[in-house]
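Secondary and tertiary structure notes
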Amino acid sequence: MNRQNRNKVAVVMIAAALLLSACGKGNDSAAGNVSAASGKPAQTSQDPKAKFEPPIDFTIAGTTEPNLAFDKGESFTNNTVYDAYVKDLGISIKPEWMVDPKQYPEKVRLSIVSGEIPDLMKVTAADLQQLVDNNLLADLTDVYDKYATPETKKFMSTDGGNQLASAKFDGKLMAIPSTNAPYNAAEFLWVRKDWMKKLNLPEPKTMQDVLKISEAFTNQDPDGNGKKDSFGFAAQKEIFNMVYGFTGIFNGYHAYPGAWIKDSSGKLVYGSVQPEIKNALKTLQDMYKAGQIDPEFFVKDHTKETELVAGNKIGMAFGPFFLGSWPLSAAVVKNNTVTQDWETYPLASFDDKPASTQVGLGVDGYYVVSKKSKHPEAAIKILNKWIEVDNTTDKQVGKPYHFSKTNQEYWKLNPIIVVPQDLNVKTGAVLSKAVETKDPTLVKDDLAGSSLYDDSMKFLKGDTGSWSSWMKAKPHGTLEIMNQYLKENRYMFDEFSGAPTATMAMKKPILDQKEQELFTKIITNKAPVDDFDAFVKDWNSLGGEQITKEVNDWYAKK
Amino acid sequence: MVYRLSWGRKLFVTANYAFLCLISLLCIIPFIHILSLSLSSSTAAAAGLVKLWPVELTFASYQNVLNKQEFLHAFWISLQRVVLGTSVNILLTVLIAYPLSKEIRDLRWRTKYVWFFIFTMLFSGGLIPLYVTIKATGLMDTIWALIVPGAVPIFNVVLLLNFFRGLPRELDEAARIDGAGHFLILWKIYVPLSVAALATVTLFSMVGHWNSWFDGLIFMNSPEHYPLQSFLQTIVIQRDLRFLKPEDAELLKVVSDRTNNAAQIFVAALPILLVYPFLQRFFIHGIVLGSVKE
């Protein structure tokens, strides 16, 4: 490259820098315009159930479900669910855009910076914070007060108001939390009972029992094919994933990776850097060394690992209550026969203190209403409607919002989906008894319970497609244990439920990656367990200390 | 022709061929795996029994795919995109490459123009400015959002530019003496002489348009407008469990069908597979030709 050309490169570089900075400014002013152009919402009838006359347009951002099969002539933008909203509420739902769940967060961010957000969309806690800071959202305090029905208000604060509180900023309600039961994140120990019987093993009541079973499943040829090809535990590359992760082992040593927990002095500390972690890592490393874990687990995902389950090579797994639906059912139910006998147990502890299962707040996102929206109350009316139709035992009322004429899963299309905060855990108190005594009256007022009851009866009559429901409903099934955890006070809540703090947003992803890398290395015996001590030191100096301080400031203000 | 091969040479050739065969095996095995997966029963696929040969041979998944409206629709959009996008690409590439292949005395600011184009190859505004631009120009949710941003493939321009420069200048001069203008020279002399290079850049463009998926996801507002690869991307990716609601698990139970996915992937790869053999004979020829000048 000659001198002249080199000068040109320099010019080009400077031009590029200018261009980039210009772009940055453009975004700021776009955001500014939005906040300036806010209007007062038009007032309509105060009756929360009143229809809009004439029907209004309400724009949303939607997620798609590529496997949803539509009835003829219907689509994501034109379907019977949206028709039902026009008919019942006078709200015509217009998706401004739709994208698949994986790309959704990216597209939300693009929407925010381009300054045009739809009337209603679902965002993460971090996005919510940003939207509130930039004054782009409608304050829902008043409309929620006026338009939410008593049933809605009761529904949204079944948990004592924790989830709703997480959507409040300086006492103002800025979003509708996408509620869910936090207990649904509970982990269970799934064990091949047929193998346990065959090898004459005791039930896994303590961690020592679990380790013994794992050892026997690996070495005593439980599938009887004469080869040493089975593993004690299912595992996958994300070691803290709900499905096939190792959180159950950590919890058994009273270690709570990834969660903010109270220490003895009442301050919040980060679970992943507490000394208890080391014991769990040591155990996992020993298991890996003894060949009780798939040696290739760190490159496998659920689907890959499930192949091993289907091939009768896995004896135990940690997973949530829905593990029987996915991914286990594909491996267990083959040609209408249940080929493996799985049993579920509560997490086992290594000492005399029972193991707690770690759970979060249970909110997986926030529904926000744009400040520019002319009818913020429409969001509340949609919320009322969803709560009404999703919790009624009258199938005729619920159907248009849930299923197509050919019984496709249309409920996905609803613009707001909230799940009862005590879903399943409440059902767990009575369902197994109802199934055992074949007495449906015990669950007659419980929508989820009665449908699981029906499925279980079908299963007992030979419908193997209902195996996954049976695993939830049967005596000692997952829902019963979920309730047992609650009665025995064995839920360890993540105490931090705010938006990521400043340092957290900046540094936590790197720290998390480092954590996952080191823990995987230790488990696979590529690093000694003592490396954990160095990690703790690094974690603190690389921003962890600052994050802990910010989290505690947040906690003190709460 | 007969070569007399030394012993060492023979050894080298053997080792070389073995190595190349190994590489091509590596490329073709995943493909065969997907094919046999798509032809197997779904229980066999879920159990991981399928390797390189179909287990419990069935064409059920192909029947499903061919009856799946969304798939066929996305396929149709992709075809439109490839035809439209490639024509625009080629037209603009030829129109830009011709003047830039001239000497500085014919086109005074030639170097500056070239740098103007190269610049966009090295730097880009990033995703957000691009999104805002598409939004502001009203291309959002139209097929043009997939075509206009990449209308001028600079790499192809450089390739063709070098190819044009390799053509004998005497042809150009002779045509001018006979009174031909630039357009006539371009279409009657340069283009017919550059079929090899044009085939190459056409192939690049087609494959590029057929395979790109990210722009479809970002610029299309509803799945009805997705091109095929965007559509496929949404069905084969791993679900993020953090956002999984209990009901989603029930849905996953119904839909997690690997044989269907494999069939869709295979059908989606077919068109390019069919085009390759016809264009490939120009291919190697085309890339190399522009690189040597006398």
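Right, let's get into the overall build of chain B. Check the secondary structure of chain B and you find 15 helices and zero strands. Buried residues in chain B amount to 41% of all 294 residues. When contacts within chain B are restricted to residue pairs at least 6 apart in sequence, those whose partners lie at least 24 apart make up 72%. For chain B, the exposed area adds up to about 16,400 Å²; of that, 69% sits on carbon and sulfur atoms.

Attention now goes to the domain arrangement of chain A. Domain parsing of chain A yields domain 1 (56-179 + 362-413), domain 2 (185-359 + 493-557) and domain 3 (427-487). Taken over C-alpha atoms, the centre of domain 1 of chain A sits 34 Å from the centre of domain 2 of chain A.

For the rest of this paragraph, the subject is the pairing of strand β7 (residues 188-192) of chain A. Residues and elements named next belong to chain A. Most of β7 is tucked away: five of the five residues are buried. Along β7, one buried face is formed by Phe188, Trp190 and Arg192 and the opposite face, lined by Leu189 and Val191, is buried too. Sheet topology places β7 next to strand β11 (residues 314-319); four bridges connect them, and they run antiparallel. Paired with Leu189 across the bridge in β11 is Phe318. Summarising the sheet, β7 and strand β14 (residues 342-345) pair through four bridges and their orientation is antiparallel. Bridge pairing links Leu189 to Tyr345 in β14.

Turning to helix α17 (residues 447-460) of chain A, a few remarks are in order. Residue and element names in this part refer to chain A. For α17, built from 14 residues, the straight-helix expectation of 20 Å at 1.5 Å per residue is met to within 8% by its first-to-last C-alpha distance of 20 Å. Listed in full, the buried residues belonging to α17 are Gly449, Leu452, Tyr453, Asp455, Ser456, Met457 and Phe459. On its buried face, α17 sits against β13 (337-338), α16 (431-437), α18 (467-473) and α19 (478-487). Looking at where α17 begins, the residue whose side-chain oxygen comes 3.2 Å from the main-chain nitrogen of Ala448 is Asp446. Phi for Gly462, located one or two positions after α17, is positive at around 110 degrees.

Residues and elements named next belong to chain A. Positionally, Thr406 belongs in the loop between α15 (395-402) and α16. Taking C-alpha positions, Thr406 is 21 Å from Thr63, a pair spaced 343 residues apart along the chain. Within the structure, Thr406 has its side chain in polar contact with the side chain of Asp71 (distance 2.8 Å).

This part covers the packing of helix α4 (residues 69-100) of chain B against helix α10 (residues 182-193) of chain B. All names here are of chain B. Closest axis-to-axis distance for the α4/α10 pair is 11 Å, and the angle between their directions is 110 degrees. With respect to their mutual orientation, α4 and α10 come out roughly perpendicular. In this structure, α4 meets α10 at a crossing whose hand is right-handed. Seen from α4, the contacting residues are Leu91, Val94, Leu95 and Tyr98; seen from α10, they are His182, Phe183, Ile185, Leu186, Trp187, Tyr190 and Val191. Here the residues of the contact of α4 with α10 sort into 10 nonpolar, one polar and no charged.

Turning our attention to the sheet that holds β11(A). Note on sheets: strands pair through backbone hydrogen bonds, and any given pair is parallel or antiparallel. Residues and elements named next belong to chain A. Read across the sheet, four strands follow the order β8-β11-β7-β14 without closing on themselves; strand pairing throughout is mixed. Of all strands in the sheet, those with a lone pairing partner are β8 (231-233) and β14, marking the two edges. Each neighbouring strand pair of the sheet contributes to a mean axis angle of 20 degrees, computed without reference to strand direction. Sheet analysis places β8 next to β11, joined by two bridges and oriented parallel.

If pLDDT is low for a region, its predicted coordinates should not be looked at in detail. Residues and elements named next belong to chain B. For chain B, the average pLDDT comes to 85, and 88% of its residues sit at 70 or higher. Across chain B, helix α7 (residues 144-147) holds the top mean pLDDT of 94, while helix α14 (residues 246-255) sits lowest at 59. Two numbers describe this predicted complex: its pTM, 0.80, and its ipTM, 0.73.

Residues and elements named next belong to chain A. One pass over the full model with this rule turns up 36 aromatic pairs over all chains. An angle of 55 degrees between the planes, with centres 5.6 Å apart, marks the rings of Phe70 and Tyr410 as tilted. Taken together, the residues span a long stretch of sequence, with Phe70 in the loop between β1 (56-63) and α2 (80-89) and Tyr410 in the loop between α15 and α16 at a distance of 340 residues. Each member of the pair, Phe70 as well as Tyr410, carries the same accessibility label: buried.

This paragraph deals with the nonpolar core. Residues and elements named next belong to chain A. With 99 residues, the main nonpolar core has Ile91, Met121, Leu128, Leu131 and Ile176 as its most contacted residues. For this core, the leading source of residues is helix α14 (residues 376-390), giving eight residues. Ignoring anything within four residues of it in the chain, the contact list for Met121 reads Ala61, Tyr104, Val108, Ile112, Leu131, Tyr366, Tyr367 and Val368. Of all hydrophobic cores here, the second largest spans 97 residues; its members include Met207, Ala255, Phe318 and Ala331.

All names here are of chain B. A contiguous nonpolar surface patch, about 720 Å² in accessible area, is contributed by Leu25, Ile28, Ile29, Phe31, Ile32, Leu52, Leu270, Leu273 and Leu274. Those elements that provide at least two residues to the nonpolar patch are α1 (7-38) and α15 (258-289). Assignment of secondary structure puts Leu274 in helix α15.

Moving on, we get to the domain arrangement of chain B. Residues and elements named next belong to chain B. One can read the domain layout of chain B as domain 1 (1-58) and domain 2 (62-289). Facing 10 residues of domain 1, the contacting portion of domain 2 comprises 10 residues. Both faces combined, the contact of domain 1 with domain 2 buries some 850 Å², and carbon together with sulfur accounts for 78% of it. In terms of surface lost to domain 2, no three residues of domain 1 exceed Phe31, Ile34 and Ser38, which account for 50% of the buried area on that side. For the pair domain 1 and domain 2, the interface holds zero salt bridges. The interface formed by domain 1 and domain 2 includes one residue pair in polar contact (both at pLDDT 80 or more). Of all the elements in the fold, those that place two or more residues in the side of domain 1 that touches domain 2 are α1 and α2 (42-46). No other element matches α1, which puts five residues into the side of domain 1 that touches domain 2. Tallied by class, the residues present in the side of domain 1 that touches domain 2 amount to six nonpolar, four polar and no charged.

The next thing to look at is the pattern of salt bridges. For the structure shown, the criterion picks out 25 salt bridges over all chains. For Asp127(A), the salt bridge is made with Arg109(A), and the minimal N-O distance between the two is 3.9 Å. With a gap of 18 residues between them, Asp127(A) in helix α4 (residues 125-133) and Arg109(A) in helix α3 (residues 104-113) connect regions that are remote in the sequence. According to the relative accessible area criterion, Asp127(A) is buried, its value standing at 5%. Salt-bridge contacts for Asp172(B) lead to Arg176(B); the nearest nitrogen and oxygen are separated by 3.9 Å. Of this pair, Asp172(B) and Arg176(B) both sit in helix α9 (residues 169-177), four residues apart, roughly one helical turn.

How each quantity is defined
Residues numbered from 1 in each chain as written. Chains lettered and ligands numbered in written order. Predicted model: local features only at pLDDT ≥ 70, side-chain atom pairs only at ≥ 80, totals over all residues. Heavy atoms only, no water. Helix = DSSP H or I, 4+ residues; strand = E, 2+ residues; numbered from the N terminus. Buried < 20%, exposed > 50% of the residue type's maximum accessible area, 1.4 Å probe, protein only. Contact = heavy atoms within 4.5 Å. Areas by Shrake-Rupley, 256 points an atom, 1.4 Å probe, with all protein chains shown as cover. Domains from an automatic or database assignment. Pairing = 2+ DSSP bridges. Expected span 1.5 Å × (residues − 1). Polar contact = N/O pair within 3.5 Å; in protein donor to acceptor, adjacent residues only side chain to side chain. Axes fitted to C-alpha atoms, helices over the stretch in contact; angles between N-to-C directions. Parallel < 35°, antiparallel > 145°, perpendicular 65-115°, else oblique. Left-handed = near helix turned anticlockwise from the far one by under 90°. Nonpolar A, V, L, I, M, F, W, Y, C, P; charged D, E, K, R; others polar. pLDDT = per-residue confidence, 0-100. Phe/Tyr/Trp six-rings, centres within 6.5 Å; stacked < 30°, edge-to-face > 60°. Core = buried A, V, L, I, M, F, W, Y, C linked by side-chain atoms within 4.5 Å. Patch = residues over 30% accessible without salt bridge, like charges linked within 9 Å, V, L, I, M, F, W, Y side chains within 5 Å. Salt bridge = Lys/Arg side-chain N within 4 Å of Asp/Glu carboxyl O. Buried area = accessible area lost by both parts, 1.4 Å probe.

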